[in-house]
Structures are given as structure tokens and as C-alpha cells.
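Letter by letter, the chains look like this.
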Amino acid sequence: MAKVLIDFETRSEVPIQNGIYNYFDGKQTDIVCLGYKIDNAPAKLWHPAQEFPTLLQPRNGNTYFAFNSQFDIMAWNKLGPKYGIEPILNLDDVVDVMALCGRYTFPQSLAKAGEVLQVPTQKSRKGPILIKKVCCPPFRYTRMELIELMGYCLDDVSSMEQIIDALPSDHLGEMEHEIWKLTCMINATGMPLD
């Protein structure tokens, strides 16, 4: 059983502002890369041209950490199966680092939480520019820009780990975790409208 930090970079023709469910339903939505860190090993990168690392699979009893984890769970479960990635079915196996920051009244943004906590690896200001080029239409970018985006993804994993280490706990309280799970289920179910 391992502690696994994850961060996906994805692409889609659907703007993320349209909601993550619409975003992940896009015909061109796909994984660009996944930054990950297993326990104390260095952060690594996986991309769809590679075989998916067996150690990352949920069957190993891993606990997954992600910032705004609903996005990463959607990327994992919706886009991952075509690359041999087994779905994460149990929300008890996930810790949302954004919610964890909220628990301790820190900003619920990776960049701002990193600034306030003064972690060594700060979120790159160039990231949004790279995301617009690589992850949004018309998907025109150079090989160097793709490599830079992958480096940005790895830095986000390192920054997230440093934020977790700076917080008083690496888990939500039991009641808070139940509320977070309920929020995930409500977001997945939606609300019926006439």
C-alpha cells in the first residue's frame, strides 16, 4: 500500500469553464501526461505512449493525493481505461489536498497555498500559457513547449507534496472526508430539472 501523489494534464476542445463533465465528454479530450510520486521516490512522468506503471494501479491498495482531486479522478476513470488504467472506485482511497488546505484555512489554490506556506517549489507562472498552447484548440505547440508542460506537471506534484508536508495533517477528519465524498457524489449525480 503506497501513498501516491498524482496530477494530470489533459487536453480538450471543450473549455473547462463549461464544467468538468462537459469537458471530459469532448471528442478530443485526452491525457497529455500524468505526474506522479510514490512514497519517497522521486516524482516521475507518464504519458500515453508509455506502458502504465503497475505500481500506480488501485488494486495495490494505494491512497491517492491530488489537488482538486475530482478533476484527476475524472481524468483517471474516464480517460485512463483506454491506456490500461484501472478505475479508482473507492473515494476512501483519495485525499483531496485542496480540501485539506481548506481544513486549515489555507487558500484552496495550489499556487496561493504554496505562496502562503512558502514551499520551495512554487507553481510556475508560465504554466497557464503552456496549457493554452498544448491543451486548448487549435493545439499548436512545439516539442519544447510540450516538454516544458511536462516539467510544469512534475513541479506541481513536488509543490503539492511540500504543501502536504507543511500542513498539520495529511488527511481530512472523518466527518470532513464524508462531506467531501458526499460533495463528489452530488456533483456526479447532478440535480434533476423540469
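Here the structure is shown first, and the text comes after it.
The residue numbers shown here count from 1 along each chain, following its written sequence. Thresholds applied to this predicted model are a pLDDT of at least 70 for local features of residues and 80 or more for the giving and counting of side-chain atom pairs; totals over whole chains, interfaces and linings are not thresholded and use all residues. The basis for every side-chain value is the complete set of non-hydrogen atoms in the structure, without hydrogens or water.

1. Focus: the packing of helix α4 (residues 110-117) against helix α6 (residues 143-166)
At a minimum axis separation of 10 Å, α4 and α6 run at an interaxial angle of 50°. Overall, the two elements α4 and α6 adopt an arrangement that is oblique. Pair α4 / α6 crosses with left-handed handedness. Residues L110, A113, G114 and L117 of α4 form the contact with α6, whose own contacting residues are D156, S159, M160, I163 and A166. All residues other than Ala, Val, Leu, Ile, Met, Phe, Trp, Tyr, Cys, Pro, Asp, Glu, Lys and Arg, Gly among them, are scored as polar; the first ten of these are nonpolar and the last four charged. Here the contact of α4 with α6 is composed, by residue class, of six nonpolar, two polar and one charged. Axis angles are defined between N-to-C directions and span 0 to 180 degrees, where every axis is a line fitted to C-alpha atoms and, for a helix, only to the segment in contact. Helix and strand assignments come from DSSP, with helices taken as H or I runs of at least 4 residues and strands as E runs of at least 2, each series counted from the N terminus. Angles are sorted into four bins: roughly parallel if under 35 degrees, roughly antiparallel if over 145, roughly perpendicular if 65 to 115, and oblique for all others. With the far helix as reference, a near helix turned anticlockwise by less than a right angle produces a left-handed crossing, and one turned clockwise produces a right-handed crossing. Contacts are assigned to residue pairs that have any heavy atoms within 4.5 Å of one another.

2. What to know about the sheet that holds strand β5 (residues 94-96)
Two modes of strand pairing occur in sheets, parallel and antiparallel, and in both the strands are linked by backbone hydrogen bonds. Taken together, five strands build an open sheet; the order of strands is β3-β2-β1-β4-β5 and the sheet is mixed. On the outer flanks of this sheet lie β3 (44-46) and β5, each paired with one strand and no other. For this sheet, the mean inter-axis angle between neighbouring strands, taken without regard to orientation, is 30°. Strand pairing is assigned whenever DSSP detects at least two bridges linking the two strands. Bridging between strand β1 (residues 3-11) and strand β4 (residues 63-66) involves three bridges; their strand directions are parallel. The residue bridging V4 from the neighbouring strand is Y64, located in β4. Packing against the sheet, helix α5 (residues 127-135) makes contact with β1 and β2 (30-38), and its axis sits at approximately 60° to β1.

3. Quick look at the pairing of β4
Note on classification: 1.4 Å probe, protein chains only; a residue is buried when its accessible area is under 20% of the maximum for its type, exposed when over 50%, partly exposed between these limits. By the alternation rule, side chains of β4 split into T63 and F65 and Y64 and A66, which are all buried. Where β4 meets β5, three bridges bridge the pair, whose relative direction is parallel. When the sheet's bridge partners are listed, A66 is paired in β5 with D96. Handedness is read with the strands pointing away from the viewer; a crossover is right-handed when the path from the first strand over the helix to the second is clockwise. Taken together, β4, helix α2 (residues 69-79) and β5 form a β-α-β motif whose crossover is right-handed.

4. Details of α2
Among the 11 residues in α2, nine count as buried, and that is most of the element. On its buried side, α2 packs onto β1, α1 (20-24), β2, β4, β5 and α7 (174-189).

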